[in-house]
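Each chain, written out:
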Amino acid sequence: MATESQVQLNHHKKLTIPLKTRIAIAVISTLTDNAQRPDGSINRRFLRLFEFRAPPNPKPINSVSSSDFVVDPSRDLWFRLYTPHISGDRIPVVVFFHGGGFAFLSSNTYQYDNVCRRFARKLPAYVISVNYRLAPEHRYPAQYDDGFDVVKFLEENRGAVLPANADLSRCFFAGDSAGGNIAHNVAIRVCRASCFAAVKLVGLISIQPFFGGEERTEAERSLVGMPLLSPDRTDWCWRAMLPEGANRDHEAAKPSVVDISDVDYPDTMVVVAGFDPLRDWQRSYCEWLKLSGKRVRLIEYPNMFHAFYIFPELPEAAQLVQRIKDFVEERVASLSS
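These notes cover the structure that comes with them.

Scoring rules and cut-offs
Residues numbered from 1 in each chain as written. Predicted model: local features only at pLDDT ≥ 70, side-chain atom pairs only at ≥ 80, totals over all residues. Heavy atoms only, no water. Phe/Tyr/Trp six-rings, centres within 6.5 Å; stacked < 30°, edge-to-face > 60°. Helix = DSSP H or I, 4+ residues; strand = E, 2+ residues; numbered from the N terminus. Buried < 20%, exposed > 50% of the residue type's maximum accessible area, 1.4 Å probe, protein only. Disulfide = S-S within 2.5 Å. Core = buried A, V, L, I, M, F, W, Y, C linked by side-chain atoms within 4.5 Å. Contact = heavy atoms within 4.5 Å. Salt bridge = Lys/Arg side-chain N within 4 Å of Asp/Glu carboxyl O. Axes fitted to C-alpha atoms, helices over the stretch in contact; angles between N-to-C directions. Parallel < 35°, antiparallel > 145°, perpendicular 65-115°, else oblique. Left-handed = near helix turned anticlockwise from the far one by under 90°. Nonpolar A, V, L, I, M, F, W, Y, C, P; charged D, E, K, R; others polar.

Turning our attention to the packing of aromatic side chains. Scanning all chains against the criterion turns up 18 aromatic pairs. Where Phe97 meets Phe173, the ring centres are 6.2 Å apart and the plane angle is 85 degrees; that geometry is what we call edge-to-face. Within this pair, whereas Phe97 is found in strand E3 (residues 91-97), its partner Phe173 is found in strand E5 (residues 166-176), the two being separated by 76 residues in sequence. The buried category is assigned to Phe173, whose relative accessible area is 0%. Members of the aromatic cluster, connected to one another through ring pairs, are Phe96, Tyr112, Phe119 and Tyr309.

Structure representation (C-alpha cells):
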C-alpha cells in the first residue's frame, strides 16, 4: 500500500497508460460526451448504436456461466447471476453495482460482464450484477430503491434463484464509481431493515466510489485532463441524478451528512487511485467511516486512474482482484473464528 508521502510525490509523475487502454478510454469518453444533450437528457438511441453488450451464457465459459433474472418488468429491473462451476459449499454471494455516473452503462455492458466473470472465477463467489435504472430519466432515489429491491428479491426467492451452495449469510456488496456510491447507500438501508433473515451483509468492496460536495478538493483542482473524469463531467452526472434543486452537498453525494453511528455497517475496503480526481472524496469517506466507529481498509494505487480495473490488460487490475479475494477470505474466516 502506498504511503502518504509516496502519494504526494506521485503528483509530479506523469500518468502512463498503454496504447490499447488509451484508445478504449478515448472511445468511451467520446461516446458519453456526445450522447449528452444541452437540455440535460441523454441520447440513448445514439449510445445503443455503439455499446457492446454481452448476452448471458448458460454454458460455462472459463468455468463461469451466467443467466438473467427479472425482478420487476415495469421498471426493467433485473440482474445477471454469475455462477462459478466449482465444488464446495457455503460459497459467498457478491451483489455488484456497476459504474457509469448513475447515467451510463448496464449490467450487460461488455466490460462489466468481464469484471463480474473475473470476480466469480477468482474469488470465487456467486455474483449478482444489478441492472438499476439510470439518470436523468430516473433520479434519486431510484438507483438505491432498485438495489434494495434486488436484495429483498434474493431474500424472498433464494431457493428459486441461487444454487444450494450459495451462502447469503456470507453476502458482500461491491461497486465501482457510482456503483460504489449505490453499494454504500443500499448497505445502510439493508442494515437498518428488519426484513432480512437469510441475507447477512459481512463486507463492502468500494472501488473508487463516486462521492462529492460543493467545495472543490485539491485533487479536483490539480488533476486536470485525467482519463474519464473531469469536474464538468462529474457535475453533469450529479445534476442528472440528484433531486431537482439539490446541490452536491446532498446526502446522496456527501455521505458524511448522514449519521450511521447506530448502524451495524459492514467491514469495508475502499480502493483509491492516485490520478483519480475523486480521490480526496474517497479518502474522506474512509475517515468518516472510521469516525463513525466502522472498520475500513484503504487500498491505494498511486499510479492508476479512475476505473483502471475494468481494463484487464493493466497488471494492477489483476492485483486488485487478488486484494478483493484476500478481503473476502479474511471476512469469511472471521465468521468462523
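Attention now goes to the state of the cysteines. One pass over the full model with this rule turns up zero disulfides. Left without a disulfide partner, Cys116 is nearest to the cysteine sulfur of Cys171, which lies 14 Å away. Residue Cys191 stays outside any disulfide, its sulfur separated by 10 Å from that of Cys171, the closest cysteine.

Our next topic: the nonpolar core. In this structure, Phe79, Ile128, Phe173 and Tyr265 are the most contacted members of the largest nonpolar core, which totals 68 residues. Discounting chain neighbours no more than four positions away, the residues touching Phe173 are Val95, Val151, Ala183, Val186, Ala187, Val190, Leu201, Gly203, Leu204 and Ile205. One finds Ile25, Leu223, Met226 and Ala307 within the second-largest nonpolar core, a separate group that totals 44 residues.

Here the focus is the pattern of salt bridges. Across all of its chains, the model carries 28 salt bridges by this definition. Between Asp235 and Arg216 there is a salt bridge, with the nearest N and O atoms lying 2.4 Å from each other. Here Asp235, found in helix H8 (residues 231-241), pairs with Arg216, found in the loop between strand E6 (201-207) and helix H7 (218-222); they are 19 residues apart in sequence, far enough to count as distant. For Asp235, a relative accessible area of 10% puts it in the buried group. Given a relative accessible area of 27%, Arg216 falls into the partly exposed group. The salt bridge involving Arg295 is made with Asp267; its shortest N-O contact spans 2.8 Å.

The next subject is unusual backbone geometry. Here the residue pair Ala135 and Pro136 is connected by a cis peptide bond, since its omega of 5 degrees sits within 30 degrees of zero. Along the polypeptide, Pro136 turns up in the loop between strand E4 (126-131) and helix H5 (142-161). Residue Pro141 is bonded to the preceding Tyr140 through a cis peptide linkage, with omega at 5 degrees. Among the structural elements, Pro141 can be located in the loop between E4 and H5. Positioned with a positive phi, Ala307 is a non-glycine residue whose angle comes to about 70 degrees.

This part covers the packing of helix H4 (residues 110-122) against helix H10 (residues 315-336). Across the interface, H4 lies against H10 with an axial gap of 10 Å and an inter-helix angle of 45 degrees. As summarised for this structure, H4 and H10 are arranged oblique, according to the angle between their axes. Crossing handedness for the pair H4 and H10: right-handed. Residues Arg118, Phe119 and Lys122 of H4 touch H10, and the partners they reach there are Val321, Ile324 and Lys325. Taken together, the residues of the contact of H4 with H10 break down into three nonpolar, no polar and three charged.

Interhelical geometry of H5 versus helix H6 (residues 178-192) gives an angle of 60 degrees and a closest axis separation of 9 Å. For the element pair H5 / H6, the angle class is oblique. Where H5 crosses over H6, the handedness of that crossing is right-handed. Between H5 and H6, the contacting residues are Gln143, Tyr144, Asp145, Gly147, Phe148 and Val151 on the first element and Asn181, Ile182, Asn185, Val186, Arg189 and Val190 on the second. Among the residues making up the contact of H5 with H6, the classes are represented as six nonpolar, four polar and two charged.

In this section: the environment of Gln322. Its location among the elements puts Gln322 in helix H10. Gln322 sits in the partly exposed class, given a relative accessible area of 39%.

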